[in-house]
Structures are given as C-alpha cells and as structure tokens.
Amino acid sequence: GNCVAPSQGFGLEADIAEVLVYDRALDETERQSVEAHLTARWTGTVDGVNPVPPPPLAITSQPFKSGTNGYHTFRIPAMVVSNLGTIIVAADGRLTTSADLPAAIDCIVRRSTDRGDTWGPHIVVADYGTDTADTDVYPILGNTTPRTRTSASDPALLVDRTNGRIWILYDNGSPTSYAGFGRTIKLEMRHSDDDGITWSPRIDVEAGNPGIRPAGTAEFIAGPGNGIQLERGPHAGRLIFPVYWYRSDNHSTLILSDDHGATWRRGGRCGSGVGEVQIVECVNGDLLASMRPSGAGAGYRWFSRSTDGGDTWSALFRFDATSPTPVPDPTCQGSIFRLSTTAESDADRLVLASPASTSSRVAMTLRMSRDEGASWPVARRVYAGGSAYSALARLPDGDIALLFEKDGYQSIDFVRVSLSELTDGAETRTDYENWLNATLSAAQRMTPGHLARDTDLESDGLGNGAEFAFGGDPLQPGDPPHLLAMPPGAT
C-alpha cells in the first residue's frame, strides 16, 4: 500500500526514523523480534537533530469568513498597504458555490486603518456575480456579440507610490465556451484615488492594449495576489502585474506600465511549465519570480531572475530536497515580497509565504532570505492546518502582514508578524528602525526612500542616520542640539 507521512496529510511536525516492509503478515514471534529490534535501536532517541519548532502564530483578525454577507465562499486573497498606511485587502466573493470562474463571483475589497485589528465594510468593486442579467463583449471569441458575464475573479493589488493610486487587476469571466474550455476570460482593471474607498469604471486591458495577449489559444489570467512598483535602477517607477498563460504552453509572465498605468505591455516569459506567479525586486534592481508548478516538476516552487526589468528571464531553478533550504510547493499559489534593505535596516530581507508541503495544502509557512533569494534559511510555521493562497505586505512599522486562505477555504485570515516572531527572537528591529517609527508618520514611512540612512528629508545637509546619531529631528531643518552645543573646531 501507500505510506503517506503524517506531515503531508495533516500538517504535523513528524519524522520517520525507520520503515520495515514485509511481504506477509508476521507471526507473534516475528512481531516480538521486530519490536525488540526497534526498541533496542531507537530507545532514548530524541528529536535532537532539528530543534522543536516554535508554536504557530496567533491569528490577528479575519477579514473574510465564508458563509457571511451573502457569499458562499471567499477565495483568492490580495493585499497592499496604501501610501497613507491603510491595509487594503481583496478577495473573490463567490456567491453560490466555492467553484472558480465562470461561477457567480464578485470582487470584494475591505480596508483597515488600525494595522489589521478591525476591518471596514465590504466594498463591491465589481458585482458581476450578483448582477445576473449582466453582459459583456469578448472579442477573443471572434465577434462582438454580447455574452453573459458572471465573474470578477483572481484579484491582484498594486500601489503606485508616485501618486498614491491603487490598482486592482482581475479576471472578467463569462460562461460562454472558448476553445472548449467552458468559459471565456479577459483581463480587467480598476483604480482608486481615495485610499481604496471608491473605484473607477472598469478598464478592458486587452482592448486598450492591442497585442498584450500572447498569440495562441489559451487563457490569459491574473497572478493573483500583488503587483509591484520598481524603486531602483533604470526602470524605477515601472508598474508590474504578474500574469500567466494557462491550458496550452503553460507559462508565467507579466504585464508592465512605464506611464503610471495609461498603457500596458507584456513582459518576457518567466518560465515554461509554471503558472500562478509573484515577483519581487532585488536591491540591485533585478527581479525574482516565484512560481507554481503547472506542468514542470511538481513538489517544489520554481524561481527565475530578470536583470532588465522583466523583459528577459533566466532559466528556471528551485530549492528541492537536495537543497539545504528546500522550498516545497503542493501545486499552489504563493507570495513573495521585500521586507527590508540595509539602507533602512541591518539586512536585506525577502519574505516568502506558501504551504510547507510537497503534496497537500497545509502548513502555511513564512520563509526569509538574506541573500536575495539564493537561500531560505529562516522558516516559521504560521498555521499547521489547511492553508492555501496568500498575500504579503510590509506594514509602516516594518512588521509583516500575511493574508491567507485557511481550513479548506472556510476563511481568509490576517496575521501580523514581527521580525522577532519570524526569527524566533534571533533578529529584532534596530534602534534606528524604532527611532524612525517614533518619529515619522505612517504615510512618511510608506514613501519609498524615506527610511534610508542617507535620506535628508528636510534638506539641511544631515541624513536620517546623522539625525538619529546626534539626536536631531529629521523633519525640522537645522543642526541637532548636540551639534549646536559643541564648541567651534570640536569634532
């Protein structure tokens, strides 16, 4: 028969020390001999190779609970923190079933202004599931005949830090069959200029950007999860939404904008045989894509790198069982984001979230890399039970925000995690970071570059690092009091 480790099926921490296999049932004498052998060999052995892991983290709040507000199931989390420090989350509001599109699905947003402790009312961004008489035009079908429209699914969120605009990308879905798939999908966007309270009319991404859809017969689908804006290098300011091509020549890719969302084009292929994808920017401006297997070898996440802002990508690579720091994947979406840089903290840190199993959607785990994704030595269990899709964001104070599907899609929960919790006390915020949190507002801390030690916020010739060292105020021009008190010529 099949032998399945309990850690795979139930998210338990367990190791199997020895397995003995026989081709027949043992008699009593043989069974006693086997028991004596195992007792002699393993009595006194304790889990000394791997330390006992810390307990799972406490859930902070629950933005989406299936079976509430008229929705059968909530799925597919997305999350960003706005320029004002507001946490904005999105999800599928699936009305009558837990099924994917073309089932009846609304796109729902909620907001938190208290670091995720409480959440405002549901904001219906697209009511395609609720409006049963809705129709739309899908040119991919080869005509302009209006078709039934039933789904606004797979959201991804992105903040343009330049102007504060919040973008949401999702799949507009119809039950009309395309290429025999039983549904038709096109990419659609909206944006908010009031911190996620109201949203623009829909924007048909494919109609407004000819050629953005790959050639061929398949489905062009949102990431889902998060988009990013590049902060470094020649492409600083670029907006990126990860997307993927599904059902034929499966591959991950992205759409990007260099004019703050006025136009979009498709970037390069991140890899073949992969699907749902999330992208993070490295400190040197390179990009790292983290991808779900979709035809490529399953069991572990796939990665790829770009050195030109997303137009070309390296060969796929992964951290499998031969790696000192494996990154398993049970064929599921996962998240990745940047937590810190040495300019604003004491280390460059990337964080990744995904179920820590090669075969089952269980054991939501946060991992951290200090070498731009070359290894993932830190792993912290968040939840041992059913765990699936996720989204990550950095809070204004430097804590990690995690949103993830829990317990067989019964809810989408929010967890706030400090650096100390992530590393089980091995790393904490620096005094410099604590000073920034006490000195700058949440909006100021969300502005790219504001946290760097060499940033001179008030243009008085002293960067944040010097203001911190000498007791100055980074928001008030003039020398810090300690420097004013020094006699002429003193150093």
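Rules used throughout
Residues numbered from 1 in each chain as written. Predicted model: local features only at pLDDT ≥ 70, side-chain atom pairs only at ≥ 80, totals over all residues. Heavy atoms only, no water. Helix = DSSP H or I, 4+ residues; strand = E, 2+ residues; numbered from the N terminus. Rg over C-alpha atoms; globule rule 2.2 N^0.38 Å. Buried < 20%, exposed > 50% of the residue type's maximum accessible area, 1.4 Å probe, protein only. Contact = heavy atoms within 4.5 Å. Areas by Shrake-Rupley, 256 points an atom, 1.4 Å probe, with all protein chains shown as cover. Patch = residues over 30% accessible without salt bridge, like charges linked within 9 Å, V, L, I, M, F, W, Y side chains within 5 Å. Salt bridge = Lys/Arg side-chain N within 4 Å of Asp/Glu carboxyl O. Pairing = 2+ DSSP bridges. Axes fitted to C-alpha atoms, helices over the stretch in contact; angles between N-to-C directions.

**Details of the overall build of the protein**
Phase 1 of the analysis: A tally of helices and strands in the protein yields eight helices and 30 strands.
Phase 2 of the analysis: For the protein, whose C-alpha radius of gyration is 25 Å, the value lies close to the compact-globule estimate of 23 Å for 491 residues.
Phase 3 of the analysis: For the protein, the residues scored as buried account for 52% of the 491 residues in total.
Phase 4 of the analysis: Considering only contacts in the protein between residues 6 or more positions apart, those separated by 24 or more positions represent 53%.
Phase 5 of the analysis: For the protein, the exposed area adds up to about 20,300 Å²; of that, 52% sits on carbon and sulfur atoms.

**Considerations on a nonpolar patch on the surface**
Phase 1 of the analysis: Residues L20, Y22 and L38 make up a contiguous nonpolar surface patch of roughly 250 Å² in combined accessible area.
Phase 2 of the analysis: Mapped onto the secondary structure, L38 falls in helix α2 (residues 28-42).

**Topic: the environment of G211**
Phase 1 of the analysis: Tracing the backbone through its elements, the reader meets G211 in the loop between α3 (205-208) and β12 (219-222).
Phase 2 of the analysis: G211 gets classed as exposed once you look at its relative accessible area, which sits at 65%.
Phase 3 of the analysis: A C-alpha to C-alpha distance of 31 Å links G211 and V283, two positions 72 residues apart in sequence.

**Describing the pairing of strand β26 (residues 349-355)**
Phase 1 of the analysis: In terms of residue burial, β26 counts as a mostly covered element, since seven of its seven residues are buried.
Phase 2 of the analysis: Of the two faces of β26, the one holding R349, V351, A353 and P355 and the one holding L350, L352 and S354 are both buried throughout.
Phase 3 of the analysis: In this structure, strand β25 (residues 335-340) lies alongside β26, joined through five bridges in antiparallel fashion. Following the sheet pairing, I336 is matched in β26 by L352.

**Remarks on the sheet that holds strand β1 (residues 61-65)**
Phase 1 of the analysis: Across the sheet, which stays open at both edges, the seven strands sit in the order β1-β30-β29-β28-β27-β26-β25 with antiparallel pairing between neighbours. The sheet is open, and its two edges are formed by β1 and β25, each paired on a single side. With direction set aside, neighbouring strand axes in the sheet form an average angle of 30°.
Phase 2 of the analysis: Direction of pairing for β1 relative to strand β30 (residues 411-417): antiparallel, over a ladder of three bridges.

**Let's talk about the pattern of salt bridges**
Side chains that differ in charge, positive against negative, can pair when their charged atoms come close.
Phase 1 of the analysis: Under the counting rule described, the total for this entry stands at 34 salt bridges.
Phase 2 of the analysis: With its nearest N and O atoms 2.8 Å apart, the salt bridge here joins E30 to R24.
Phase 3 of the analysis: Residue class for E30 comes out partly exposed when judged on its relative accessible area of 26%.
Phase 4 of the analysis: A residue is classified by how much of its surface remains accessible, and R24, at 48% relative accessible area, is partly exposed.
Phase 5 of the analysis: The partner of R247 in a salt bridge is E219, and the shortest N-O contact between them spans 3.0 Å. Of this pair, R247 sits in the loop between β15 (239-246) and β16 (251-257) while E219 sits in strand β12; the two residues are 28 residues apart in sequence, bridging distant segments of the chain.
Phase 6 of the analysis: On the basis of relative accessibility, which here comes to 37%, the residue R247 falls in the partly exposed class.
Phase 7 of the analysis: Overall, E219 belongs to the buried group, its relative accessible area being 1%.
Phase 8 of the analysis: Ionic contacts of the salt-bridge type, sharing partners, join the residues D134, D136, R149, K186, E188, R190, R202 and D204 into one network.

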